[in-house]
Amino acid sequence: MKLYRFLSDDDTSAFCHKVTAALNKGWVLQGGPVYAFDAARGVMRCGQAVVKDAAGTYTPETKLGDH
């Protein structure tokens, strides 16, 4: 099955660690990162799509973070 996740967080090192952890679990970057200003909170937010091929059959109950 092919899996897709969109990781997002405030633009801090926590976001970089989240993406790094996914890469070390075999996820692959899909496209480039995106940035947006959260005016309500006054912070920059960033996001990155990642994909992964995994064994099994996808269902809506699949826990993407477990792969």
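Being a predicted model, the structure only gives us computed values, none of them experimental.

Details of the environment of Ala14
Within the fold, Ala14 resides in helix α1 (residues 13–24). According to the relative accessible area criterion, Ala14 is partly exposed, its value standing at 37%.

Observations regarding the environment of Phe37
Structurally, Phe37 is set in strand β2 (residues 28–38). The class for Phe37 is exposed, based on a relative accessible area of 54%. Counting along the chain gives 27 residues from Phe37 to Asp10, while the straight-line C-alpha distance between them is 9.6 Å.

With respect to a nonpolar patch on the surface
Taken together, Tyr4, Phe6 and Val34 make up a surface patch of nonpolar side chains, about 310 Å² in accessible area. Structurally, Val34 is set in strand β2.

A short note on the pairing of β2
Both β2 and strand β3 (residues 43–53) contribute to a ladder of 8 bridges, which runs antiparallel. Residue pairing in the sheet places Ala36 in a bridge with Arg45 of β3. Here β2 folds back onto β3, and the loop between the two strands holds 4 residues, one of which, Gly42, carries a positive phi near 70°.

Observations regarding the nonpolar core
Grouped together as the largest cluster of nonpolar side chains are 9 residues: Leu3, Leu7, Phe15, Val19, Ala22, Trp27, Cys46, Val50 and Ala54. Elements with a minimum of two residues in this core: β1 (2–10), α1 and β3. Among the elements that line this core, the one with the most residues is α1, at 3 residues. Not counting chain neighbours up to four residues away, the residues in contact with Val50 comprise Leu3, Tyr4, Arg5, Leu7, Trp27, Val28, Leu29 and Gln30.

Considering the pairing of β3
Pairing of β1 with β3, which is carried by 9 bridges, proceeds in the antiparallel orientation. Bridge assignment links Tyr4 to a residue of β3, and that residue is Val51.

Side note on the packing of aromatic side chains
Across all of its chains, the model carries 0 aromatic pairs by this definition. Sitting over the ring of Trp27, Arg5 keeps its end group 5.2 Å from the ring centre.

Thresholds applied
Residues numbered from 1 in each chain as written. Predicted model: local features only at pLDDT ≥ 70, side-chain atom pairs only at ≥ 80, totals over all residues. Heavy atoms only, no water. Helix = DSSP H or I, 4+ residues; strand = E, 2+ residues; numbered from the N terminus. Buried < 20%, exposed > 50% of the residue type's maximum accessible area, 1.4 Å probe, protein only. Patch = residues over 30% accessible without salt bridge, like charges linked within 9 Å, V, L, I, M, F, W, Y side chains within 5 Å. Areas by Shrake-Rupley, 256 points an atom, 1.4 Å probe, with all protein chains shown as cover. Salt bridge = Lys/Arg side-chain N within 4 Å of Asp/Glu carboxyl O. Pairing = 2+ DSSP bridges. Core = buried A, V, L, I, M, F, W, Y, C linked by side-chain atoms within 4.5 Å. Contact = heavy atoms within 4.5 Å. Phe/Tyr/Trp six-rings, centres within 6.5 Å; stacked < 30°, edge-to-face > 60°. Lys NZ or Arg CZ within 6 Å of the ring centre and 35° of its normal.

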